[in-house]
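# Structure assessment
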Amino acid sequence: MNVYFDNAATTPLRKEVIKTISRVMEECFGNPSSTHSFGRTAKTYIETARKGIASLLNALPQEIIFTSGGTESDNMILSCAVKDLNVKTIISSPIEHHAVIHALDALKKNQKINVRYLKLDAQGNIDLNDLEESLKIDNSKKLVSLMHVNNEIGNILNLHEVGNLCHNNNALFHTDAVQGVGHYLFDLKNLPVDFLSSASHKYHGPKGIGFSFVRKNSGLEPFIYGGAQERGLRAGTESVHNIVGMHEALDISHKKLEVEKKQILFLKNHFIKGLIEIFPNVHFNGNSSENNLSTYTLLNVALPIDEKKASLLDFHLDLKGIACSKGSACQSGSSQGSHVLNHIQNQKIKKMSSLRFSFSSFNNIDEVDYVLETLKEFVTQ
Ligand SMILES: Cc1ncc(COP(=O)(O)O)c(C=O)c1O
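Remember, predicted model here, so these are calculated numbers, not experimental data.

Conventions we followed
- Residues numbered from 1 in each chain as written.
- Predicted model: local features only at pLDDT ≥ 70, side-chain atom pairs only at ≥ 80, totals over all residues.
- Heavy atoms only, no water.
- Pairing = 2+ DSSP bridges.
- Helix = DSSP H or I, 4+ residues; strand = E, 2+ residues; numbered from the N terminus.
- Axes fitted to C-alpha atoms, helices over the stretch in contact; angles between N-to-C directions.
- Buried < 20%, exposed > 50% of the residue type's maximum accessible area, 1.4 Å probe, protein only.
- Salt bridge = Lys/Arg side-chain N within 4 Å of Asp/Glu carboxyl O.
- Core = buried A, V, L, I, M, F, W, Y, C linked by side-chain atoms within 4.5 Å.
- Domains from an automatic or database assignment.
- Contact = heavy atoms within 4.5 Å.
- Expected span 1.5 Å × (residues − 1).
- Near = heavy atom within 4 Å.
- Polar contact = N/O pair within 3.5 Å; in protein donor to acceptor, adjacent residues only side chain to side chain.
- Areas by Shrake-Rupley, 256 points an atom, 1.4 Å probe, with all protein chains shown as cover.
- Nonpolar A, V, L, I, M, F, W, Y, C, P; charged D, E, K, R; others polar.
- Buried area = accessible area lost by both parts, 1.4 Å probe.

## What about the sheet that holds strand β8 (residues 210–214)?
With respect to topology, 7 strands assemble into an open sheet ordered β2-β8-β7-β6-β5-β3-β4, the strand pairing being mixed. Bordering the open sheet on either side are β2 (64–67) and β4 (114–117), each of which pairs with just one other strand. Along the sheet, successive strands turn relative to each other by an average axial angle of 20 degrees, direction set aside. Here strand β7 (residues 195–199) runs beside β8; their pairing, made up of 5 bridges, is antiparallel. The residue of β8 that forms the bridge with S198 is F211.

This is the structure:
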């Protein structure tokens, strides 16, 4: 049996999306910047997708800027905020995705901006008092960049609370919503965010495409220089088939959201129950086992397995056809490991074997039972 429980890394494409992408590739190869009919058709496809995505998120079409995905969207917002908006201080958290953390490292080094990482509690939740204090620390122009859903431990940030805090203190707010878009509904007109990043491959769309939400009149200037695409912000011939595929993937995800959420949550809760039966001392990293505080799509577990066996666990799961993600913190002497778990785990939990299992509506209960059985067999054999 092959089980794919690594949906936070990427998701399989929906069949309808594959069909649409193939059709667009065949029917619509024109360059959207060309003024002849081939180009105009391609342009129409793109602008229809832009309008559709904007309407799904209650944003304006001009606020949706197509990018190559989450990494570019994050880099675009952070770099442009410094380059164009006179941002001198960026407040973030140490458990953001590397697309944010490494971009901040570069901005700190090359642009001499101040980067402040907020305190977290043992579950990885942001200390909002620290955020408030950080916002008031001096008069420099500030941007806060905090992710909506953590890709390793699933913690959900209250975007309203954080956004209001930022705006009340004259700071801009960017959220990396790569793990949130397609799984939660957004009302961007009424959400206090200035910028948002997303990627289509996290909600059964194609890879290499995403978008930045850039609120109207934000003052951003070109991120990639060249042609006039994306209102001059992001030059380069658009990936028409991927843009149309992304729109379709988001549309279907929204239509099926409630039904699929229920289905996925059922699998996750069944998995949690089974794990507790097999490993009474199992630890769930972050908020991942708490339905209201974590995304329904992800569970990060620390399993109490003796060290010798633990070294074989990944290999064993792979051999059994199970795909999940290694999530362990640094082991002694190793520079590898999860920067997220390193931040939140105590020494005792660090010694356990952490794995991230992430689900989608493509999964079923038999797969959950198979993974549970495989784990049980592994610890008892
Ligand atoms: C939270 C988060 N941000 C950014 C990214 C990067 O997105 P992409 O792979 O589309 O560049 C990911 C992907 O894993 C992610 O989970």
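## Side note on the pairing of strand β5 (residues 142–145)
Neither face of β5 is left uncovered, since the one carrying K142 and V144 and the one carrying L143 and S145 both have all their residues buried. Where strand β3 (residues 89–92) lies against β5, 3 bridges are found, and the strand directions are parallel. Along β5, the bridge assignment pairs I91 with V144. Inspection of the sheet shows β5 paired to strand β6 (residues 172–176) by 3 bridges, in the parallel sense. Paired with S145 across the strands is H174, a residue of β6.

## Re the pattern of salt bridges
All told, the structure shown has 12 salt bridges when counted by the stated rule. Residue K320 is joined to E377 by a salt bridge in which the shortest nitrogen-to-oxygen separation is 4.0 Å. Taken together, the residues span a long stretch of sequence, with K320 in the loop between α9 (307–319) and β11 (322–323) and E377 in helix α12 (residues 365–380) at a distance of 57 residues. Using a relative accessible area of 30% as the deciding quantity, one classes K320 as partly exposed. In this structure E377 comes out as partly exposed when scored by relative accessible area, which is 39%.

## Digging into unusual backbone geometry
Positive phi values are uncommon outside glycine, yet H204 reaches one of about 65 degrees. Mapping H204 onto the fold places it in the loop between β7 and β8. With phi around 55 degrees, R231 is a residue other than glycine that occupies positive phi space. Judged by relative accessible area, which is 54%, R231 ranks as exposed.

## Some words on the nonpolar core
Formed by 77 residues in total, the largest nonpolar core has its most connected members in F186, F211, L275 and L303. Of all the elements, helix α7 (residues 240–255) adds the most residues to this core, at 7 residues. Counting the residues that make up this core, at least three belong to each of domain 1 (3–10 + 257–380) and domain 2 (15–255). Not counting chain neighbours up to four residues away, the residues in contact with L275 comprise V282, F284, L299, V301, L303, L372 and L375. One finds I65, V82, L85 and I113 within the second-largest nonpolar core, a separate group that totals 22 residues.

## Section: helix α2 (residues 37–56)
Every α-helical turn comprises 3.6 residues, leaving residues that sit three or four positions apart pointing alike. The first and last C-alpha atoms of α2 sit 28 Å apart over 20 residues, in line with the 28 Å expected at 1.5 Å per residue. Residues of α2 that are buried include every one of G39, A42, I46, A49, R50, G52, I53 and A54, and no others. Turning to α2, the residues buried within the fold contact β2, β8 and α7. Downstream of α2 by a residue or two, N58 has a phi angle that is positive, lying close to 50 degrees.

## Focus: the site of the ligand
Near the ligand there are 13 residues, and of these G70, T71, D176, Q179 and K202 occur at the shortest range. Within the side chain of T71, one N or O atom sits 2.6 Å away from an oxygen atom of the ligand. One of the side-chain N or O atoms of K202 is found 2.7 Å from an oxygen atom in the ligand. Considered on its own, the ligand offers 390 Å² of accessible surface; in the complex 85% of this is hidden by protein. Looking at the shell around the ligand element by element, the count peaks at 3 residues for helix α3 (residues 70–85). The residue inventory of the shell around the ligand, partitioned by class, reads 3 nonpolar, 7 polar and 3 charged.

## Focus on the side chain of T374
Inspection of the secondary structure assignment puts T374 in helix α12. Engagement of the side chain of T374 in a polar contact is seen with the backbone oxygen of Y370, the distance being 2.6 Å. Not counting residues up to four positions away in its chain, the partners in contact with T374 are H316, L317, K320 and I322.

## A word on the domain arrangement of the protein
Each domain of the protein was delimited in the assignment, giving domain 1 (3–10 + 257–380) and domain 2 (15–255). Each of domain 1 and domain 2 has a C-alpha centre, and the two are 28 Å apart. The interface is formed by 25 residues belonging to domain 1 together with 31 residues belonging to domain 2. Taking both sides of the interface into account, the surface hidden between domain 1 and domain 2 amounts to around 2300 Å²; carbon and sulfur atoms contribute 51%. When the buried surface of domain 1 facing domain 2 is broken down by residue, L257, H339 and I344 rank first, second and third, together holding 27% of it. In this assembly, domain 1 and domain 2 are joined by 0 salt bridges. Where domain 1 touches domain 2, the interface holds 17 residue pairs in polar contact (both at pLDDT 80 or more). Going through the elements one at a time, β10 (298–303) and α10 (339–344) are the ones with two or more residues in the side of domain 1 that touches domain 2. The greatest single-element share of the side of domain 1 that touches domain 2, amounting to 5 residues, is contributed by α10. In terms of residue class, the side of domain 1 that touches domain 2 is made up of 10 nonpolar, 14 polar and 1 charged.

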